[in-house]
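# Observations on the three-dimensional arrangement
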Amino acid sequence: MTVKVVENQTELAEAYSVRKIVFVDEQNVPLEEEIDQFEDEATHFIMYHEGSPIGAGRFRFVDGYGKVERICVLKEARKTGAGKAIMNGIENYARELEIHKLKLNAQTHAIPFYAGLGYEVVSEEFLDAGIPHKTMIKKI
């Protein structure tokens, strides 16, 4: 598995494709909410396994935090370490930028995954695209 910063339109289209499968097709998030006004300011990440895109995510700098967003892995690649690899790639990118505080809004079912990576819940539950979430932070 390889995680990399998106460098061209082909890689960006592949990242969007993975996000669409996971968030729009599986979780019924409206496409207009999934692909939003922050796409152009975000740094996008794509994960490949044997040349095929299997995961994606994006990163922005917001309110003094590195904001980790849209982390997703195709169903067939879950439970393989792919999610952890994407997170490690994004965290390494943040360190290179000397950003030491990260924030994410985790779907509540994913809180144990992020907690295992050192993130701590700092909010009450809220709905985003009709899905329960909590905000989590981590100092790196």
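Values in this document were obtained by computation on a predicted structure and should not be read as measured data.

Enumeration according to the criterion identifies four aromatic pairs in this entry. With a centroid separation of 5.4 Å and an interplanar angle of 80 degrees, the aromatic rings of Phe45 and Tyr93 are classed as edge-to-face. With a gap of 48 residues between them, Phe45 in strand E2 (residues 43–49) and Tyr93 in helix H3 (residues 82–96) connect regions that are remote in the sequence. Neither Phe45 nor Tyr93 differs from the other in exposure class; each is buried.

Now for the confidence of the model for the chain. In the predicted model, the chain carries a mean pLDDT of 96, and 100% of its residues have values of at least 70. Across the chain, strand E6 (residues 120–121) holds the top mean pLDDT of 98, while helix H2 (residues 31–34) sits lowest at 91.

Take the pattern of salt bridges next. Per the counting criterion, the structure on display carries 16 salt bridges. A salt bridge links Glu7 to Lys4; its shortest N-O distance comes to 3.6 Å. Residue classification places Glu7 among the exposed positions, given a relative accessible area of 64%. Between Glu91 and Arg95 there is a salt bridge; the shortest N-O distance is 3.9 Å. Separated by four residues within a single helix, Glu91 and Arg95 lie in helix H3, roughly one turn from each other.

Rules used in this analysis
- Residues numbered from 1 in each chain as written.
- Predicted model: local features only at pLDDT ≥ 70, side-chain atom pairs only at ≥ 80, totals over all residues.
- Heavy atoms only, no water.
- Phe/Tyr/Trp six-rings, centres within 6.5 Å; stacked < 30°, edge-to-face > 60°.
- Helix = DSSP H or I, 4+ residues; strand = E, 2+ residues; numbered from the N terminus.
- Buried < 20%, exposed > 50% of the residue type's maximum accessible area, 1.4 Å probe, protein only.
- pLDDT = per-residue confidence, 0-100.
- Salt bridge = Lys/Arg side-chain N within 4 Å of Asp/Glu carboxyl O.

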